Every structure is written in structure tokens, then in C-alpha cells.
Amino acid sequence: MSVREEKLSAIQGYGGLKSHPDPDQWDDWRELDSRSWPRQQYKQYQLVPTVCFNCEAACGLVAYIDKETGEIRKLEGNPLHPASRGRNCAKGPATLVQVTNPDRILYPLKRAAGRGEGKWERVIWDEALNDISGRIRKAILDGRKDEIVYHVGRPGEDEYTERVLKAWGVDGHSSHTNVCSSGARTGYAFWMGIDRPAPDYENARFILMMSSHLESGHYFNPNAQRIIKAQQSGAKVCVIDTRLSNTASKADYWLSPWPGTETAFLLAVANQLIQTERFNRTFVEEWVNWRQFMEDRDYLEDLQRRGFLERVPEGRSFEDFVSVLKDLYKDYTPEFAEAETGIAARWVKVVADEIARAGTAFSSNIWRNAAAGNRGGWMITRALMFLNVLMGAVGEPGSMIPNAWVKFVPRRNTMPDPIQMWNENHWPREYPLTYFELSYALPHILKRRNKRLEVYFARVVNPVWTFPDGFTWIEFLKDPERLGCHVVLSPTWSETAQYADYVLPVGLAPERHDLHSYETHASQWIGFRQPVKRAARERAGIPVQDTRDVNPGEVWEENEFWIELSWRIDPDGSLGIRKHFESPYRPGEKITVSEYYRWIFENAVPGLPEAAAREGIAPLEYMQKYGVFEVTKDVYRQDLTPVPEEVLRDAVIVPEEAEDRVDDGEEPGIWVDHPVHGANHRAYPGPFKNRRGQFRAGIMVKGRAVQGWPTPSGKLEFFSTTLRDWGWPEYAIPIYPRNEAERRQMVHIVSQVHPKTLDRSQNEFVLLPTFRLPMLIHSRTNGAKWLHEIAHVNPVWMNPIDAQRLGVDTGDLVKVSTETGYFVDKVWVTEGIRPGVVACSHHLGRWRLQEDHGSDRWSSSLVSIEEVEPGKWSMRQKHGPRPFESTDPDSGRIWWSDGGVHQNIVFPIQPDPISGMHCWHQRVRVEKAGPSDRYADIAVDTKKAYEVFERWLQLTRPAPGPGGLYRPLWMLRVLKPHPDAYVMPEAQTEPVKS
């Protein structure tokens, strides 16, 4: 054997090709590679599309199924997916290591000791299903429907579990929206009825982002692609974010305001556009409800009394309205904005100039950060959208598109009747305008109302870790008087699962079905997540009874679980539940998951049957083959959609102009006796009814009968009559206090961390906890070893000026104290945060109570928790992540030992009195850690936490509103009850007309 042959033999004996050979061996590796390629490298793969589930973007994936073994070998982007276009972030391919994660839960588990004691026994699915269904059935029969809760973080599928709950007749849906986006949703809803933006970044000429959406916000991968393309085409990007995010580092302008003062800056920009008349007069005149504003003389006189108007004009014309705008906003000067926000005055003019140049191709977005961090964050959103409205940059190419216009939700084979109850555990009367359920406050609300739950499902949600005030959640979950049965549906362990009664293993992205549509860009599309090994078997003609036949262990997909559970709740059909889970093809028999989707694809997706027919396959086969279908790209200016002629024939038409009305008291609009339905079953605001109980089908604009906007006026609402009529008239227009006296009067829209309220002599800072790194997201990326190797620490960001004053440097420990507790963390000194503000990312600090389970061992620290006295809790780390033995050799190679710090658990809940948003930003005291403080130490007083909740509760203005309602009927709800349920019991006189 030659020397070269010996070298190659030695390399081969080492175990084959190494991923990183020594440079002087590259030629040898290539030769060995070429020799072994025909024998070792060629594989036979079957490609099956699915959809990522590691964030809300839902990017397309393609699974490579080894034809020899039937196992998934890799996941990569689906080039046919219209949103992600084959380009995925790290979270998508990392799904593979979640599938093979040795720490994942593979079999149903039942608690075998006290909650939180870490003792479990394996049970069969039938035992769990019978217990849970029996509890639910009894609660329904006993009239205790408010004791059943389905708590979800991100649903994965539009309308699936909502339909399940509706079939049960249970108003028990609870989401995580109030810790995420309700501040932004509220601000958008008061403008356009629809509560989310879908910016058309790709065609924009100027993009204004509040926060870091490019790299870590919603739909960040599809968005990021399009923002970068827009920049390459000449668009400018401005990021307004106190923290220097990755997004800000890529922007043309980064502006760092004092947290919570952003409204002042945005109204100063609006004032520049108004005073110079560089706004879209035609759009504003046609599409803003300025007539309602000008006709409310009492409101105008009140603005004059409060000093916002010098005079109330006698006329009510559009020119009078423009004069009022100039008067209203004249005090929001660049100099005022600089004094309030800390952003130099010149940047007001720069941003205004960029917006004016962009015209209708001005795109903006806000989601977390400012809107989620501050009391009154929803007003920041109102002020941001004001800029889009002024420019007519709403629904146009390159502008901000309402999300409902780019979302398609098909109908199902049966539609359960609306729920007949209102659940104050989730929708308390104190918060009639909240978006949506006040989920993070559930333990406090149950305590305040002296209520209990019988069955609590936690699914893709981890309140102990993700929500504020996690120790209050632990107290609730451990209390048998408050909670009968706690069921966690999860592929992996979590902090919340440690306190469950059942932990039921459900599928990851390549192990489950979901049908969804997301607002990623200017297109309506549906994506089809599917269990890829099942699809591969069925292609080969091998029948599969359910996903447990192909998933690891006894992992089950949730859709089949809900069908089976519902069937057992109503085994004889007497409760009216079972009929919604019967096959449309085999009457009286249980529906299969394939039949469920087959019916939808054959009957409820426009264009899909025709596309499938062109390929000679069935619609279900088409979706299984491609994983996605684009419904339409016709998504712009849907407010201009003509009202159909057949609707107009029987309609009562009332023009907006008062002088053209027969009856001055009649509401403007196109009124019909029955609501007009379409193919798209997306959540949509409404219905809107007149005094005669007729439904609005559209509005008249310049003699045209068009769809209009889903708002009370049918227009974009500069003047929110909902805020006026529901007890918040002072905030019915975009507004912000101009001085200290107004700050005291308008406390509901002044941030709890306003700079004027901080005592720097006591080392008080603002803590920003609302950001994350792009490769991790809440609990869904648990079990992804590749991702946690990239990111596993969350230090406290601190400006060098503050670090010098406190005498700390990078790596030193500081104690960060909130109103109810403290945490100890390391410092990172950086110019990327303004002085007086500190920041800490929210996606790390995982922990477990047991050495071998409780949270994922790739990322979590082992801790001890002690209740030192009632309500006073402490947590201390025993050790961070470290190597462990498992079936995965990589578990023995863990080189990192830091899992971060769980900061959220020391925050009291701070519900915004209008939007219901938890106001995340914290007033904290920061000091050097003391001799007894250790890294990741935590202490919390839950009694103080409840006192904080009660104090914030005093800021609310409870229902009933007009008509004795819990909530305006037109506003969105995820699970909307019958109109009768909206009437508060003490206000009930007669049924509300549906």
C-alpha cells in the first residue's frame, strides 16, 4: 500500500469524512470523498412539503424522507412557498433536531405525586381521554362551562380549536395576545376596525418601523427578504427603537427615544405634514370620518376648553376640518418632540420629508416594543397610522395593508352555532375594549371573583415562564381548590408542564396537520402543514390510521386528539357536539383528519379545485404535493370593492352628507336585512347595524356604493366614536399631553416609565424586556440544540455612562429590582442603549426542578425554589446547562454552562386600562450585586404583585357601555358569542337582535 493509500485508509478508519478537515489534508479528503461517493453518499429521498412551526412566519419547509429507512434526514426551504420563497432562518432546519431531541416527551404522562414534585407515570391515551372528557362533560351538564379553558400561545391553524370550543358551547378560549400585541391591535382597530398591519415592504419607498421587526418581529423572514429588496431598489428605512437592534443597524436612520414618548415624535411629524399641507387631501376627504368629528360640537368645544383648540369654527366643511387639524397639532413642534423624547428636533423634519416623498408608497409597522411596553402604547400605534392616513398610504402598493385583506380562511363542513355565554374570567367587565382575553391576569381574576377551573388546557403556551408574575401562576397551578385538572399539550417539557396533571405529547412541524394563512406580503395564500412520514407512507399505498402510527413513540397530532376528545364528551350525540365531528362522506361516522381537509379543499378554497384538475389530481393531493396555494394577489384597496348589484336592489341607501339625507337621524350606509357573506371566513369586525336592526353592506363615497371599512362609520376613524361612547372621550383622537398638568390629567396614555417620574439619585432605570434574538422564540424552539448553541445568555444592556456611574463593567453582576422582586444578572456595556435605560432579552432563562426533566436540558438550568413564607418566593441556580448522557452523542458535547436569567417572573402584571396589554417596561433599581447575591438569583413577593394588579385596576372604566353591553359588538373577538351574550345580566331587558 502506498503512503497516500495509507493516509486515506487512516482517514477512513477515523470514521469517514470530518466536517472540518485539516487544511493540509483537503486534497486527501476530496479524493476519499470522490471514491466513496457512489457507495456511501447517494441516497434515495422522497420530498414532502410542510410548514415550519418555530415562529409565526410559517415559512415553507421540505422534508427529505430517506426511502430506505423512512426517517427524516433534513428540512430545508420550500421554493414554491409564496411568502418564504425557499429561504429560511435557522429555526426552520433546526426543527430536525427537535424531532430527534432525546428530551422530548414521547408518551402520555400522568402526575404521580403533588404538582411540581416531578413524579410521573406513563399512561395510555384512552385513560387520559376518558378522564379529561368525563370532567368536561360533567362541567357542561352541571352548567359550569366557564370552568373549561383552552389556553393557547400560537394556534398554528385558523379556526380549528375555536370551532371545537364553539361546538362545546364553551367561551373558554384564552390566548397570549395581551402579553404580545394587544397594544398595537387596539390602536389599529380604532382606526380601521382591522387590528393588524401587513406592510407591503417590497414596493415601499420609505419604511418606518417602531421596533426591530426586520430581524425578530412577526413574519420576520418573509418581511426581511422584502425590506432588503426594497432597500436595494432605493427605499429608505427608519427604525425608532430605544435599543440598537440588528434591524436598526441595517437602517438608514436609527432614532432612540425615551421609552413611551414615541407618540410625541409621531404627532410632531404629522404636524409637519399638516402645516405644510403635504398630505393627501383627496384621500383624507373621502376616507376619513371628519364629518362625524366636525358635527360633534360638544366634543370640539371640550377640546377648546382643554386648550387644544383656540376656537371652534362655525362651518363644518372639509376646509374647516383642515383648519382644526392645524390648530390641534400646532404645539407638537420639533422642539417639543426633542424635549419630550430626546430625539433631536431636526429628525422630525427628516422623517416628515421622507414620508412626503414616498407618498402612498409609505409603509410602517409597530407590534411589540413601544406598543407593548407602555401604558397608552395603543396611542403610539394610533399616532403612527395617522401618518399613513394623512398620506393615503393605506391599502396601496408599497403602503400599509390591513392584514384581513391578505388573509384567507376557508369555511368548514359544519358551522356550530354561536356560544350563548360570556366568560368574565377571560373578558372581565373592567376591560371592555381589551384585545383580547386578559390571559396573563387569569390567576388574579379567579382570585378576585372567587372562581375555580375544572379543566385547563395549556397548549403552545408557557405562562409560568413567558408571562409576568410567574410565581402567582405557580401558586394557582398548585392549588387544588382553584384548579381541578391541568393538561399540557406539548412536544417538550416546559416550566408550566412541571405543574401539570397530564403532559400529553403532540407533534412538531413535520408531525401534524394545520391549515393557515398569514399576512406576510401582498398576497392571499394558504399553507398546509402535514405529518411528512405519514404523507410518505400514504404515497406508497400504505394505509395510516392516525399519526401515532408514524410519529415517534405515541406522539399524536392535535387535530385528531380534539376529534377524539369531542367524540367522547358527547358519545351519543345528545349534547349536539358529536355532529360537528362526523364525516361529511360517511354520515354518522367519526370524521378522519384527511376527510376534514379533503372537504375544505374541494369546497371552500376558490381556484384550488381548478388548479388540481389541471394536474389531474384531487385538491387534497394538490395540497399534499405542494404544501401551499396562492388564492389571489388582488389585495389592494378592498375598501373600494363595489357593493354587488343584487345587494343594492333591496338595500336602503343613506348618504353620508347630512343635507342629502331624508332623515337626519338615520345612520349613513347601505343597509340590508341580512348580512352579506363571502368565501373568506377570516375574523372580520362587525356586524354593524342601524336602529331598525338592518346590517350595513357598504357605504356611499362620492356617489359610489363601495364596501368601505369595518368601523362604526365605514371610514377610517380619526375620531373614534367607540372611545367617545365607551367612556374615554379625551382619547378619541390621536393626542398626547403637552405639559405636566396634562400628563396628570391624561395618565392613561402616559407611560408608567415616563422620564419625569424616575429618580436617578436612587439609581432608577427603565428596563426594556420586550426583545428577543431571532433564532429563539418563547418555548417553541425548546429542544433545538443548534439554536441554543448559538444563543444562551441574556445580559443586562447598559450604556457606558451608567456603567461608569455604578462602577460596573461587562461581566459584572448587578441586582435589578422591580416593585415586587429582583433578579441578578451579568452586565453588557454597550453604546447600543441610551443612558438611563437598560435592556434584557426575554427568550432565555429556562429552568427545571429535576435533574433529568422539567425543561429542555440543552438550554435550562437546574434550580431550587423555596417559598420562604406565604407569598414570598426565591429561586437559586444549582447549575446551568452541562453535558448529559443520552441517545444523542451531542448531549455529551455541550460546552456552554450559562442558560440565562428568567427575568419575567419578577415583573408584576400591569394591564393597560384600555387595550388590556401588559405594559412590559419596568421601573427598576439597578445596583451592584452584593456579597450574598449569585448569578440568576430571583426573589418575588406575590402578595405585593396582587396589590399592583389592584392598583392598575383602579385606572379602568368598566362596562356596561351603550346598550348595557360588555363590549362593543363590532370589535373583534377570537371566539365571538351570540349578541345576546354581550348584554350584561344586570342590563338585560330584551334579546339583542342578531
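Quantities reported herein were computed from a predicted structural model and do not represent experimental measurements. (Residues numbered from 1 in each chain as written. Predicted model: local features only at pLDDT ≥ 70, side-chain atom pairs only at ≥ 80, totals over all residues. Heavy atoms only, no water.)

Another aspect to go through is the nonpolar core. Counting residues in hydrophobic clusters, the biggest one holds 114 residues, and the most contacted among them are Phe-293 and Phe-718. For this core, the leading source of residues is helix 18 (residues 377-391), giving 11 residues. In terms of nonpolar packing, the next biggest core, distinct from the first, is built from 65 residues, Tyr-431, Leu-477, Trp-873 and Ala-936 among them. (Core = buried A, V, L, I, M, F, W, Y, C linked by side-chain atoms within 4.5 Å. Buried < 20%, exposed > 50% of the residue type's maximum accessible area, 1.4 Å probe, protein only. Helix = DSSP H or I, 4+ residues; strand = E, 2+ residues; numbered from the N terminus.)

When the charged atoms of two side chains lie near each other, side chains of opposite charge can form a pair. Going through the model one piece at a time under the given rule, you end up with 86 salt bridges. In this structure, Glu-277 engages Arg-281 in a salt bridge whose closest nitrogen and oxygen atoms are separated by 3.3 Å. Given the relative accessible area of 37%, Glu-277 is considered partly exposed. With relative accessibility at 26%, the residue Arg-281 sits in the partly exposed group. For the salt bridge of Glu-277 with Lys-326, the shortest nitrogen-to-oxygen distance reads 2.5 Å. Placement of the pair is Glu-277 in the loop between helix 10 (262-275) and helix 11 (281-287) and Lys-326 in helix 14 (residues 318-329), with a sequence separation of 49 residues. On the basis of relative accessible area, Lys-326 is assigned to the partly exposed category, the value being 24%. Connected through salt bridges with shared partners, the residues Asp-131, Arg-135, Lys-138, Asp-142, Arg-144, Glu-147, Arg-452 and Glu-454 form a single ionic network. (Salt bridge = Lys/Arg side-chain N within 4 Å of Asp/Glu carboxyl O.)

Let us now look at the environment of Glu-730. By secondary structure assignment, the location of Glu-730 is in the loop between helix 28 (721-725) and helix 29 (740-745). Given a relative accessible area of 15%, Glu-730 falls into the buried group. Sequence-wise, Glu-730 and Asp-302 are 428 residues apart; in three dimensions their C-alpha atoms are separated by 8.8 Å.

Bringing the side chain of Asn-374 into the picture now. Relative to the helices and strands, Asn-374 resides in the loop between helix 17 (369-373) and helix 18. Within the structure, the side chain of Asn-374 is placed 2.9 Å from the backbone oxygen of Ala-370, a separation counted as a polar contact. Engagement of the side chain of Asn-374 in a polar contact is seen with the side chain of Ser-751, the distance being 2.8 Å. (Polar contact = N/O pair within 3.5 Å; in protein donor to acceptor, adjacent residues only side chain to side chain.)

The next thing to look at is the side chain of His-792. Along the chain, His-792 turns up in the loop between helix 30 (785-790) and strand 25 (796-798). Here the side chain of His-792 touches His-788 through a polar contact of 2.9 Å, landing on its backbone oxygen. Look past the residues within four positions of His-792 in its chain and what remains in contact with it is Leu-844, Trp-895, Trp-896, Asp-898, Gly-899 and Gly-900. (Contact = heavy atoms within 4.5 Å.)

Once that is clear, we can look at helix 18. Here helix 18 spans 23 Å end to end across 15 residues, near enough to the 21 Å set by a 1.5 Å rise per residue. Burial runs high along helix 18: 15 of the 15 residues are buried. The first or second residue beyond helix 18 is Gly-392, which carries a positive phi of 70 degrees. (Expected span 1.5 Å × (residues − 1).)

For the rest of this paragraph, the subject is the UniProt feature "domain: 4Fe-4S Mo/W bis-MGD-type" (unreviewed entry) in the protein. UniProt records the feature "domain: 4Fe-4S Mo/W bis-MGD-type" (unreviewed entry) for residues 45-103 in the present numbering. With 8% helix and 34% strand, residues 45-103 has end C-alpha atoms that lie 27 Å from one another. (UniProt positions renumbered as here; feature names shortened; annotations may be inferred.)

Before going further, it helps to examine the sheet that holds strand 14 (residues 453-459). Across the sheet, which stays open at both edges, the seven strands sit in the order 5-4-16-15-14-6-7 with mixed pairing between neighbours. Of all strands in the sheet, those bounded by a partner on one side alone are strand 5 (120-122) and strand 7 (173-174). Sheet analysis places strand 6 (residues 148-152) next to strand 14, joined by five bridges and oriented parallel. Of the residues in strand 14, the one forming a bridge with Ile-148 is Val-455. Packing against the sheet, helix 4 (residues 125-141) makes contact with strand 4 (109-111), strand 6, strand 14, strand 15 (483-489) and strand 16 (502-504), and its axis sits at approximately 120 degrees to strand 16. Across the sheet, helix 5 (residues 160-168) is in contact with strand 6, strand 7 and strand 14; its angle to strand 6 comes to roughly 175 degrees. (Pairing = 2+ DSSP bridges. Axes fitted to C-alpha atoms, helices over the stretch in contact; angles between N-to-C directions.)

Another aspect to go through is the domain arrangement of the protein. Segmenting the protein into domains produces domain 1 (3-100 + 511-550 + 605-632), domain 2 (109-171 + 419-507 + 965-982), domain 3 (182-405), domain 4 (642-707) and domain 5 (752-954). In this complex, domain 1 contributes 17 residues to the contact, which on the side of domain 3 involves 16 residues. The contact between domain 1 and domain 3 buries some 1400 Å² in all, and 52% of this surface belongs to carbon and sulfur atoms. Considering only the side of domain 1, the residues that lose the most area to domain 3 are Arg-85, Glu-519 and Thr-520, jointly responsible for 40% of the buried surface there. Here domain 1 and domain 3 share two salt bridges between them. One salt bridge connects Glu-202 with Arg-85, and the closest N-O pair in it is separated by 3.9 Å. In this structure, the connection of domain 1 to domain 3 is made through 10 residue pairs in polar contact (both at pLDDT 80 or more). In terms of residue class, the side of domain 1 that touches domain 3 is built from seven nonpolar, five polar and five charged. (Domains from an automatic or database assignment. Buried area = accessible area lost by both parts, 1.4 Å probe. Nonpolar A, V, L, I, M, F, W, Y, C, P; charged D, E, K, R; others polar.)

All right, on to the packing of aromatic side chains then. The tally for this structure, following the rule as stated, stands at 52 aromatic pairs. Where Phe-318 meets Phe-321, the ring centres are 6.1 Å apart and the plane angle is 40 degrees; that geometry is what we call tilted. Placement of the pair is Phe-318 and Phe-321 together in helix 14, with a separation of three residues, close to one helical turn. As far as burial versus exposure is concerned, Phe-318 and Phe-321 are alike and both buried. (Phe/Tyr/Trp six-rings, centres within 6.5 Å; stacked < 30°, edge-to-face > 60°.)

What follows is about unusual backbone geometry. Leaving glycine aside, a negative phi is the common case for residues, and trans is the common case for peptide bonds. Here the bond from Tyr-435 into Phe-436 is cis, since omega is -5 degrees, no more than 30 degrees from zero. By the element assignment, Phe-436 lies in the loop between strand 13 (400-402) and helix 19 (442-449). The omega torsion across Gly-686 and Pro-687 is 0 degrees, close enough to zero to call that bond cis. In this structure, Pro-687 sits in the loop between strand 21 (669-672) and strand 22 (695-701). Phi is positive for Glu-159, which is not a glycine, with a value near 75 degrees. The topology assignment puts Glu-159 in the loop between strand 6 and helix 5. In this structure, Glu-277 takes a positive phi of about 55 degrees despite not being glycine.

With that settled, the discussion passes to helix 23 (residues 558-569). Compared with an ideal rise of 1.5 Å per residue, which puts 12 residues at 16 Å, helix 23 spans 16 Å between its outermost C-alpha atoms and is within 8% of the ideal. Among the 12 residues that make up helix 23, 11 are buried, leaving the element largely enclosed by the rest of the structure. Regarding helix 23, the residues found buried are Glu-558, Asn-559, Glu-560, Phe-561, Trp-562, Ile-563, Glu-564, Leu-565, Ser-566, Trp-567 and Ile-569.

This part is about the packing of helix 6 (residues 182-192) against helix 18. Packed helix pairs are characterised by how far apart their axes lie and by the angle those axes make with each other. Two numbers describe how helix 6 lies on helix 18: the axes approach to 7 Å, and their chain directions differ by 45 degrees. With respect to their mutual orientation, helix 6 and helix 18 come out oblique. Handedness of the helix 6/helix 18 crossing: right-handed. Mapping the contact onto sequence places Gly-183, Ala-184, Thr-186, Gly-187, Tyr-188, Phe-190, Trp-191 and Met-192 in helix 6 and Gly-377, Trp-378, Thr-381, Arg-382, Leu-384, Met-385, Phe-386 and Val-389 in helix 18. Of the residues in the contact of helix 6 with helix 18, the class split is 10 nonpolar, five polar and one charged. (Parallel < 35°, antiparallel > 145°, perpendicular 65-115°, else oblique. Left-handed = near helix turned anticlockwise from the far one by under 90°.)

What follows covers the pairing of strand 32 (residues 922-928). Two faces belong to every sheet, and in a regular strand the side chains alternate between them. Pairing analysis gives four bridges linking strand 24 (residues 764-768) to strand 32, with the strands arranged antiparallel. The residue bridging Glu-764 from the neighbouring strand is Arg-925, located in strand 32. Pairing of strand 26 (residues 813-817) with strand 32 involves four bridges; the strand directions are antiparallel. From the neighbouring strand, Lys-815 faces strand 32, where its bridge partner is Glu-927.

Spatially, 20-21-22-23 is the arrangement adopted by the four strands of the open sheet, whose pairing is antiparallel. The outermost strands of the open sheet, each flanked by one partner alone, are strand 20 (652-654) and strand 23 (704-706). Sheet twist, expressed as the average angle between the axes of neighbouring strands with direction ignored, equals 30 degrees. Examined bridge by bridge, strand 22 and strand 23 share three bridges and lie antiparallel to one another. Residue pairing for strand 23: Met-700 is matched across the bridge by Ala-705.

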